[in-house]
Amino acid sequence: MSDDADYWQRWVARLLAVLAADAEAQLTWADEHGVKNAPVADDVRFVLHLAEGMAQRGSLAPEALRDLRAVGRLLDEAGVLGRTGLWAESLAAEPAWNEVRTLARRILVAREGDWRRPLPQRVPPQHLCD
């Protein structure tokens, strides 16, 4: 795998770790970092775009692509991707996040054998999403 492919694999894994985490861990992490909906939505959109190319090059399993597409559909149908405000509020109010969590876990288990991953310490600057 090329250095670029490794980089993008880590990028996808970072988002999947956030999406797969237990609800309590997600809420704590989102509150601690003041994460807003917009950067999460941007990350989901970017990973969906990235996943298409990765799958074409064989660096993402077809099942993972299918599950990522399902994540995008769920969040789009729930109107989550267009919401403003804090992500913690969306997590607490929107049942679609439970299904997203299940899909993200399935992808991680298939790729790495376990879904449990540490949540990233670095988040996008939240002031850019105001």
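First things first, this report covers the structure right here in the doc. What you see is a predicted model; the values in this text were computed from it and never measured.

The rules we used
Residues numbered from 1 in each chain as written. Predicted model: local features only at pLDDT ≥ 70, side-chain atom pairs only at ≥ 80, totals over all residues. Heavy atoms only, no water. Helix = DSSP H or I, 4+ residues; strand = E, 2+ residues; numbered from the N terminus. Buried < 20%, exposed > 50% of the residue type's maximum accessible area, 1.4 Å probe, protein only. Contact = heavy atoms within 4.5 Å. Areas by Shrake-Rupley, 256 points an atom, 1.4 Å probe, with all protein chains shown as cover. Expected span 1.5 Å × (residues − 1). Core = buried A, V, L, I, M, F, W, Y, C linked by side-chain atoms within 4.5 Å.

Attention now moves to the overall build of the protein chain. Helix and strand counts for the protein chain stand at 6 helices and 0 strands. Helices and strands in the protein chain line up, N terminus first, as α-α-α-α-α-α. For the C-alpha atoms alone, the extent of the protein chain along its principal axes is close to 35 × 25 × 25 Å. Counting across all 130 residues of the protein chain, residues that qualify as buried make up 46%. Put simply, 76% of the contacts in the protein chain that link residues at least 6 apart link residues at least 24 apart. When the accessible surface of the protein chain is totalled, it reaches about 7200 Å², and 52% of it is carbon and sulfur.

For helix α3 (residues 37-56), which comprises 20 residues, the first-to-last C-alpha distance of 29 Å matches the rise-based estimate of 28 Å (1.5 Å per residue) to within 8%. Of the positions making up α3, those classed as buried are Asn37, Pro39, Val40, Ala41, Asp43, Val44, Val47, Leu48, Leu50, Ala51, Gly53 and Met54. Positioned one or two residues after α3, Gly58 has a phi angle of 85°, which is positive.

With that settled, the discussion passes to the environment of Gln121. As for its placement among the helices and strands, Gln121 is situated in the segment after α6 (96-112). C-alpha separation for the pair Gln121 and Val47, spaced 74 residues apart in sequence, amounts to 19 Å.

Count 3.6 residues to each turn of an α-helix, and residues three or four apart come out pointing the same way. For α6, which comprises 17 residues, the first-to-last C-alpha distance of 24 Å matches the rise-based estimate of 24 Å (1.5 Å per residue) to within 8%. For α6, every residue scored as buried is listed here: Ala96, Trp97, Val100, Arg101, Leu103, Ala104, Ile107 and Leu108. A positive phi of about 90° marks Gly113, the residue just after α6.

All right, on to the nonpolar core then. Of all hydrophobic cores here, the largest spans 40 residues; its most connected members are Leu19, Val44, Leu68, Leu75, Trp87 and Trp97. Put simply, the parts of the chain that give this core at least two residues each are α1 (3-20), α2 (23-33), α3, α4 (62-77), α5 (87-93) and α6. For this core, the element with the most residues is α3, which contributes 8 residues. For Trp97, the contacting residues outside a window of four places in its chain are Leu19, Val40, Leu75, Val80, Trp87, Ser90 and Leu91.

Just distances and angles here, no functional claims.
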